[in-house]
Amino acid sequence: MDIREIDPTYAVSPQIEPADCAAIAEAGYKTLICNRPDVEVSPDLSAAAIAKAAKAAGLTFVDNPVNGAALTMDVIESQGNALSESAGPVLAYCASGTRSTVVWALSQAGTVPTDALIGAAAHAGYAIEGMRPQIDALAAQKAD
């Protein structure tokens, strides 16, 4: 596993395996978010397979697949809700961690300054500077 902390309450990882769930719980995470659509993985890495292992490890599991071509407000709001409703730190995963970082930044737009979102992502190794216009637009939309 390659867990990268974005902020003290949120971290991302490339694809995990069901066997990783116990270690994720032992590391202190309370909620696990799957941002990877099942069409990208084999059945042994499906959301259902990870969910079963996550629940066995005592984790709350949220299936919130992110398709970059169809990133919707529902997906962004679902990510934000999972963060705000979690009893503790959240780990989200996708293929590389990038989508989980992008959807986090968009879910936090307007509550965290854009520069801080981009900086936190960069510190974890994710370059999302190109998302600045979308983050700023979403922040402005939330302010209205």
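Residues numbered from 1 in each chain as written. Predicted model: local features only at pLDDT ≥ 70, side-chain atom pairs only at ≥ 80, totals over all residues. Heavy atoms only, no water.

1. Looking at the pairing of strand S4 (residues 60-63)
Here comes step 1: Pairing of strand S3 (residues 31-34) with S4, which is carried by four bridges, proceeds in the parallel orientation. The residue of S4 that forms the bridge with Thr31 is Thr60.
Here comes step 2: One crossover worth recording links S3 to the parallel S4 by way of helix H2 (residues 47-56), and it is right-handed. (Pairing = 2+ DSSP bridges. Helix = DSSP H or I, 4+ residues; strand = E, 2+ residues; numbered from the N terminus. Right-handed = clockwise from strand over helix to strand, strands pointing away.)

2. Here's the deal with the environment of Arg36
Here comes step 1: Mapped onto the fold, Arg36 is located in the loop between S3 and H2.
Here comes step 2: Residues Arg36 and Val12, spaced 24 residues apart in sequence, show a C-alpha to C-alpha distance of 12 Å.
Here comes step 3: Residues contacting Arg36, with those up to four places away along its chain left out, are Gln15, Val41, Pro65, Tyr93, Cys94, Ala95 and Arg99.
Here comes step 4: Among the polar contacts made by the side chain of Arg36, one reaches the side chain of Gln15 at a distance of 3.1 Å.
Here comes step 5: Separated by 2.9 Å, the side chains of Arg36 and Glu40 make a polar contact. (Contact = heavy atoms within 4.5 Å. Polar contact = N/O pair within 3.5 Å; in protein donor to acceptor, adjacent residues only side chain to side chain.)

3. Remarks on the environment of Leu59
Here comes step 1: Relative to the elements of secondary structure, Leu59 occurs in the loop between H2 and S4.
Here comes step 2: Relative accessible area serves as the criterion here: at 4%, Leu59 is assigned to the buried category.
Here comes step 3: In the structure, Leu59 is positioned 27 residues away from Ser86 in sequence and 9.9 Å away in space, judged by C-alpha atoms.
Here comes step 4: Leave out the neighbours within four places in its chain, and Leu59 touches Cys21, Ile24, Ala25, Tyr29, Lys30, Thr31, Leu32 and Ala54. (Buried < 20%, exposed > 50% of the residue type's maximum accessible area, 1.4 Å probe, protein only.)

4. Notes on H2
The α-helix advances 3.6 residues per turn, and as a result positions three or four apart in sequence lie on the same side.
Here comes step 1: Taken residue by residue, H2 has Ala47, Ile50, Ala51, Ala53 and Ala54 as its buried positions.
Here comes step 2: The inward-facing, buried residues of H2 abut helix H1 (21-26), S3, S4 and strand S5 (90-93).
Here comes step 3: Positive phi shows up at Gly58, right after H2, with a value of about 85 degrees.

5. Observations concerning the sheet that holds S4
Here comes step 1: Read from one edge of the open sheet, five strands run S1-S2-S5-S3-S4, paired in mixed fashion. Each end of this open sheet is capped by a strand with a single partner; those strands are strand S1 (4-7) and S4. Strand-to-strand twist across the sheet, computed as the mean angle between neighbouring axes with direction ignored, equals 25 degrees.
Here comes step 2: Most of the contacts of helix H3 (residues 73-85) go to S5, to which it runs at about 150 degrees, and overall it touches strand S2 (10-13), S3, S4 and S5. (Axes fitted to C-alpha atoms, helices over the stretch in contact; angles between N-to-C directions.)

6. Here's the deal with the nonpolar core
Here comes step 1: Formed by 28 residues in total, the largest nonpolar core has its most connected members in Ile6, Tyr10, Trp104, Ile128 and Ile135.
Here comes step 2: Sort the elements by how many residues they give to this core and helix H4 (residues 98-108) lands first, with five residues. (Core = buried A, V, L, I, M, F, W, Y, C linked by side-chain atoms within 4.5 Å.)

7. Some remarks on the side chain of Ser46
Here comes step 1: Mapped onto the secondary structure, Ser46 falls in the loop between S3 and H2.
Here comes step 2: Here the side chain of Ser46 touches Pro43 through a polar contact of 3.1 Å, landing on its backbone oxygen.
Here comes step 3: Beyond its immediate stretch of four places on either side in the chain, Ser46 contacts Asp38 and Val41.

8. Description of the pattern of salt bridges
Here comes step 1: Within this structure, the stated rule accounts for five salt bridges.
Here comes step 2: Put simply, Asp2 and Arg4 hold a salt bridge, and the shortest N to O gap is 3.0 Å.
Here comes step 3: The exposure class of Asp2 is partly exposed, given its relative accessible area of 34%.
Here comes step 4: Within this structure, Arg36, Glu40 and Arg99 form a network of salt bridges that share partners. (Salt bridge = Lys/Arg side-chain N within 4 Å of Asp/Glu carboxyl O.)

Just geometry here; none of it tells us what the structure is for.
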